[in-house]
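Reading the structure
Residue-level listing of the chains:
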Amino acid sequence: MFSRRPALVTALVGLLLATAAGCGDAGGLRGAGPTPTAVSPARLWPSLTPAASPAWPYDELQIETVKGVTAPGDDIREVDPVAVVRAEVAAHPGDYRGGKAPYRDTAARLADCAGGRDRARCPVLRAYYRDLTGDGREDMTLGFRLYPTNQTAVRVYTFEGHRLKQVFANDDAVIGVELAGRAVIIRSPAGIPGYEYRTTWSWDPEQRAMVFSRDEFLRTGRPARHKPAPALSEGASGSAGPSLPEESGSAAPPPRPSATPSASLR
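Numbering of residues begins from 1 in every chain and follows the order in which that chain's sequence is written. Reporting of local features is limited, given that this is a predicted model, to residues whose pLDDT is at least 70; pairs of side-chain atoms are given and counted only at 80 or more, and all residues count toward the totals for whole chains, interfaces and linings. Note that water and hydrogens are dropped before the side-chain values are worked out from all heavy atoms of the structure.

Here we look at the overall build of the chain
Worth spelling out the cut-off: Helix numbering and strand numbering both begin at the N terminus, where a helix is a DSSP run of H or I of at least 4 residues and a strand a DSSP run of E of at least 2. Contact criterion: two residues are considered in contact whenever any of their non-hydrogen atoms come within 4.5 Å of each other. Here the Shrake-Rupley method, with its probe set to 1.4 Å, supplies the accessible areas, and only the displayed protein chains count as covering residues.
The helix and strand tally for the chain stands at 4 helices and 9 strands. Going residue by residue from the N terminus, the α and β elements of the chain occur as α-β-α-α-α-β-β-β-β-β-β-β-β. By sequence separation, contacts in the chain at least 24 residues apart represent 49% of the contacts at least 6 residues apart. For the chain, the accessible surface area stands at approximately 17500 Å², while carbon and sulfur atoms represent 55% of it.

Focus on the nonpolar core
Soluble, globular proteins show a tendency: their nonpolar side chains are buried together. The following threshold applies: Among buried residues, the Ala, Val, Leu, Ile, Met, Phe, Trp, Tyr and Cys ones that are joined through side-chain atoms within 4.5 Å form a nonpolar core. Accessibility here uses a 1.4 Å probe with only protein chains present; expressed as a share of the type maximum, an area under 20% marks a residue as buried, one over 50% as exposed, and anything in between as partly exposed.
Residues Val79, Val84, Val124 and Leu164 are the most contacted members of the largest nonpolar core, which totals 26 residues. Of all the secondary-structure elements, those providing two or more residues to this core are α2 (81-91), β3 (139-146) and β4 (151-160). Broken down by element, this core gets its largest block of residues, 5 residues, from α2. For Leu164, the residues in contact, after removing those within four places along its chain, are Glu64, Thr65, Val66, Val69, Ile76, Val79, Val84, Tyr157, Thr158 and Phe159. Within the second largest apolar cluster, 10 residues are counted, among which are Val156, Val167, Phe168 and Ile186.

Quick look at the packing of aromatic side chains
Basically, it comes down to this: Aromatic rings from Phe, Tyr and Trp, taking only the six-membered ring of Trp, are treated as a pair when their centres fall within 6.5 Å; an angle between ring planes under 30 degrees marks them as stacked, one over 60 as edge-to-face, and anything in between as tilted. Two conditions define a charge sitting above a ring: the NZ of Lys or the CZ of Arg must be within 6 Å of the ring centre, and it must be within 35 degrees of the ring normal.
Using the criterion set out here, one finds 5 aromatic pairs in the structure. Between Tyr195 and Phe217, the aromatic rings sit 5.0 Å apart at their centres with planes inclined by 0°, giving stacked as the arrangement. Taken together, the residues Tyr195 in strand β8 (residues 195-204) and Phe217 in strand β9 (residues 209-219) connect sequence positions 22 residues apart. Across this residue pair, the class does not change: Tyr195 and Phe217 are buried. Judged by centre distance (5.5 Å) and plane angle (55°), the ring pair of Tyr197 and Phe217 falls under tilted. Of the two residues, Tyr197 is situated in strand β8 and Phe217 in strand β9; the sequence distance between them amounts to 20 residues. With a relative accessible area of 8%, Tyr197 lands in the buried category. Members of the aromatic cluster, joined through ring pairs, are Phe168, Trp201 and Phe212. Taking the ring centre of Tyr147 as reference, the NZ or CZ of Arg109 above it sits at 4.0 Å.

Focus on empty space enclosed by the protein
The test is simple: The pocket and cavity definitions rest on a 1 Å grid over protein atoms only: a 1.4 Å probe that fits but cannot leave marks a cavity, an open set with protein on both sides within 12 Å along at least five of seven lines marks a pocket, and residues lining either have an atom within 4 Å of a point. Grid points are joined across faces, edges and corners, and a volume is the space filled by probe spheres set on the points. Gly is placed with the polar residues, together with every amino acid not listed as nonpolar (Ala, Val, Leu, Ile, Met, Phe, Trp, Tyr, Cys and Pro) or charged (Asp, Glu, Lys and Arg).
Applying the stated criterion to the full structure yields 1 cavity of 30 Å³ or more. Each pocket or cavity is described by its volume, and for the largest cavity that value is around 40 Å³. For the lining of the largest cavity, a count of residues per class yields 2 nonpolar, 1 polar and 5 charged.

Describing the sheet that holds strand β7 (residues 183-189)
What counts, and what does not: Strands are labelled as partners when DSSP assigns at least two bridges between them. Fitting a line to C-alpha atoms yields each axis, with helices limited to the stretch in contact; the angle taken between N-to-C directions then spans 0 to 180 degrees.
Strands sit in the order β6-β7-β8-β9 across an open sheet of 4 strands; the sheet is antiparallel. Strands at the two margins of the open sheet, each flanked by one partner only, are β6 (176-180) and β9. Within the sheet, the average angular offset between the axes of one strand and its neighbour, ignoring direction, is 20°. Pairing analysis gives 10 bridges linking β8 to β9, with the strands arranged antiparallel. Bridge pairing links Thr200 to Arg214 in β9.

From the geometry alone we can't say anything about function, so treat these as descriptive.
Following this line, the structure appears as structure tokens:
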């Protein structure tokens, strides 16, 4: 009896060659083009005296205990958000009481929060609950409008030693607020159309507070709207000043006002 193995091997080799011919060069490595030359960073003005203090008050971490507000079992969900805002108004009358107080209308509108009298006028927003401190217990993120301004107050509260503590406070003109992991992200408008500020505050176990961790100046994707340059009169000379290119992604952010955002926890 003759073995049929050589015949089978010959057939398999022919099939593999035909398959390879049909696939072409699939799977082969291809060049990605030339690699740009790496440029090391250049240090400017090495003799410049380093600043000794920050330009913005991001590091003022004055944690505040909320007086008169408790909850059974330190359950943060049992805390009345309106009572917390009332406690802040009582603790800081200069901000909320009197005709010259910057947020005087907020205190006045708190009366509309009782018993659901007029929820549209109540300045206290819905409270959200998430473990931001990493202790396995929920914390409360609370917001309320700062009338008559267009600002919104954002606060974070947690229980420590059976006491309700405010571990984050920020007053700003707000586009939106997000919670991501153990961080609070606040989006606020910038002075250039089509851009916004995005600040991130993260829990610091050593400071026992939410501390400033990132400040971004980002393009929102909405096209910038520019006013047309005024037409020059006949015979006039000169040219209009430079304007920000609408599609530029490297525009320098406008300077932030010194009071915005405020990270003081008072």
